[in-house]
Amino acid sequence: MGAVEPMDGAECLIRTLSENGVEVCFMNPGTSEMRFVHALDRVPAMRGILCLFEGVCAGAADGYGRIQGTPAATLLHLGPGLANGLSNFHNARKARTPIVSIVGEHTLQHLKYDAPLSADIEAFARTVSDHVRVARDPARLGKVISETIAAAVAPPGQVAMLVIPADISWLEAAGPGPAVDPARRASAPPGKIAQAAGLIGTAGTALLMGGTTLNDRGLAAAGRLAAHTGARVFADRNAPRIASGRGRFQPRLVPYFPEAALAALAGVRHMLLVETQAPVSFFGYPETPSQLLPEGCPVSVLAARNEDGTAALEALAEECGAGRRHPAPHVSPSRAPGEGPLTCEAIGDALAALLPEGAIVSDEMVSSGAAVLDRLHAAAPFDRLPNTGGSIGQGLPVALGAACAAPDLKVVALEADGSAMYTFQALWTMARENLDVVTVIFANRSYRILEIEMRRAGIDAPGPAARTMMEIGEPDLDFVRLSESLGVPAARAATAPEFWSLFRAAMETRGPSLIEAVL
Ligand SMILES: Cc1ncc(C[n+]2csc(CCOP(=O)(O)OP(=O)(O)O)c2C)c(N)n1
Ligand SMILES: [Mg+2]
């Protein structure tokens, strides 16, 4: 090895990231990050991707990490820039997505003057991360960056935060940080598998799958266990990635509303958890419990969140003598183009027939989801990326990041109209990077789910002031013009046949496009 060439802190950052396989950075920089931006031209291995809002950066890094399995970086500007990204970092935290989040800071000597952009960055960062560091010593910068990458990838994965003051970016660093060991999930203890094997044959024992287990291998093992033992299998509805489509065993998603969830889980006498926690309802209500399992139902952990739940399911299937194959359910989609008005069901039928195998579906359909997902069981095998933390504005950025991770796969963003407006700027980056993302907007012109929740609260006739808080027509959002103004070609479908032909054309063309589905 030759002598380490002198480099500034900024180059040290970009080199340490790229030498550790972190080769994409979703960014929205400011004055304190100019050195980092400048360093991009010296380290071509790093792909800088500009996003026009920090919530897009955070969500894109989430989508990237969920598909790639390794982290992207984000580079944000001081406390306010980070604060703009927090909502999607919150979602990423729930997904356990590995992300290396770099936040610029004032120079160390400037901090005491309370300049306009001064803020408590660490306090913001701590709300979404257990790993928050501030780089204060240029000589140790490389090491601190490597430690941040290691924290991001340590199972189950997290948003790891590193705050870098501007002077650290221009002072000379001691060279890039060391190589980070690849993270491996620990095996579930054999005792847990033996215990689960003893339980799973007993009537009323069920499995709840979450985390990374909803992949081909995990689902196949769960399907074999279900067929062999009769155990019921459930899945977290907010798991980060769910292998879906025909031929795949599909566990029942824990329903969204507590009444339905309680009914679905009734009769469970022992719950085995695989990379997840016992199910709780999304919200607390006066009439229903927060915890969804039958009262007193015992819970055992087959694999913890940081363990290899997929291997644990396979070992359990082996231990139980569940056969090698499970009979794959076979449902075929209807190939006939739909007729009549455009409904969620008609959209679901079109997607089921036309989605190409291997597609990635970012799902933020909100109240339109149930009808569509029901039909998507018949689609060619695809991967679905649900909303993970309930904070809307995740779907479009996640689609953007997924498309950066998998440029050869079709990405489809299924997006409710209200949710689309939080981070619609994602489309500009899709256009600029020429990403193969087809966005479908479910334009029901309302915050429909809130109308449903209002009725659930026993309020059947909300007053006009309340109704205007949930209706988003008047003026109607013109998604076609919005999309075109951001560089993404778009068209509107008002009938089922129109939707079929637009969606078919989008599947046959490469590049970003948008369909406004008027419901
Ligand atoms: C960041 C954030 N703000 C607000 C909410 C509350 N909220 C949940 S759903 C929703 C509106 C959903 O409307 P839309 O996306 O159009 O879906 P629809 O209900 O019409 O299917 C709102 C405001 C939230 N979940 N997250
Ligand atoms: Mg809506």
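Coordinates for the structure precede this section.
Residues numbered from 1 in each chain as written. Chains lettered and ligands numbered in written order. Predicted model: local features only at pLDDT ≥ 70, side-chain atom pairs only at ≥ 80, totals over all residues. Heavy atoms only, no water.

**Digging into the environment of Phe-26**
In step 1: Here Phe-26 shows up in strand β2 (residues 24-28).
In step 2: A relative accessible area of 0% places Phe-26 in the buried class.
In step 3: Residues Phe-26 and Glu-474, spaced 448 residues apart in sequence, show a C-alpha to C-alpha distance of 34 Å. (Helix = DSSP H or I, 4+ residues; strand = E, 2+ residues; numbered from the N terminus. Buried < 20%, exposed > 50% of the residue type's maximum accessible area, 1.4 Å probe, protein only.)

**Focus on the sheet that holds strand β18 (residues 437-443)**
In step 1: The strand order β11-β16-β15-β17-β18-β20-β19 describes an open sheet built from seven strands, whose pairing is mixed. With one partner strand each, in any of the chains shown, β11 (242-244) and β19 (490-493) form the two edges of the open sheet. On average, each strand axis in the sheet is tilted by 20° relative to the strand beside it, whichever way the strands run.
In step 2: Here five bridges tie strand β15 (residues 360-364) to strand β17 (residues 411-416), and the two strands are oriented parallel to one another. Counted as the bridge partner of Asp-363 is Leu-414 from β17.
In step 3: The sheet strands contacting helix α20 (residues 496-508) are β17, β18, β19 and β20 (513-518), and the helix crosses β19 at an angle near 150°. (Pairing = 2+ DSSP bridges. Axes fitted to C-alpha atoms, helices over the stretch in contact; angles between N-to-C directions. Contact = heavy atoms within 4.5 Å.)

**Notes on the packing of helix α8 (residues 190-200) against helix α11 (residues 309-319)**
Helix-helix packing: each pair is described by the crossing angle between the helix axes and the interaxial distance.
In step 1: As a packed pair, α8 and α11 sit with axes 9 Å apart at the nearest point and diverge in direction by 55°. The angle between α8 and α11 places the two elements in the oblique class. Remark: the crossing between α8 and α11 carries right-handed chirality. From α8, Ile-193, Ala-194, Ala-196, Ala-197 and Ile-200 reach across to α11, where they touch Ala-312, Ala-315, Leu-316 and Glu-319.
In step 2: A per-class count over the contact of α8 with α11 returns eight nonpolar, no polar and one charged. (Parallel < 35°, antiparallel > 145°, perpendicular 65-115°, else oblique. Left-handed = near helix turned anticlockwise from the far one by under 90°. Nonpolar A, V, L, I, M, F, W, Y, C, P; charged D, E, K, R; others polar.)

**Overview of the nonpolar core**
In step 1: Residues Phe-26, Leu-82, Phe-89, Met-161, Leu-400 and Phe-424 are the most contacted members of the largest nonpolar core, which totals 54 residues.
In step 2: With eight residues, helix α14 (residues 395-405) is the largest single contributor of residues to this core.
In step 3: With sequence-adjacent residues up to four places away left out, Phe-26 is seen in contact with Ile-49, Cys-51, Cys-57, Ala-60, Ala-61, Tyr-64, Ala-72, Ala-73, Thr-74, Leu-75, Gly-401 and Cys-404.
In step 4: Ala-346, Leu-376, Ala-379 and Ala-496 belong to the second-largest nonpolar core, a separate cluster that totals 34 residues. (Core = buried A, V, L, I, M, F, W, Y, C linked by side-chain atoms within 4.5 Å.)

Honestly, that's just the spatial picture; any functional story needs more than this.
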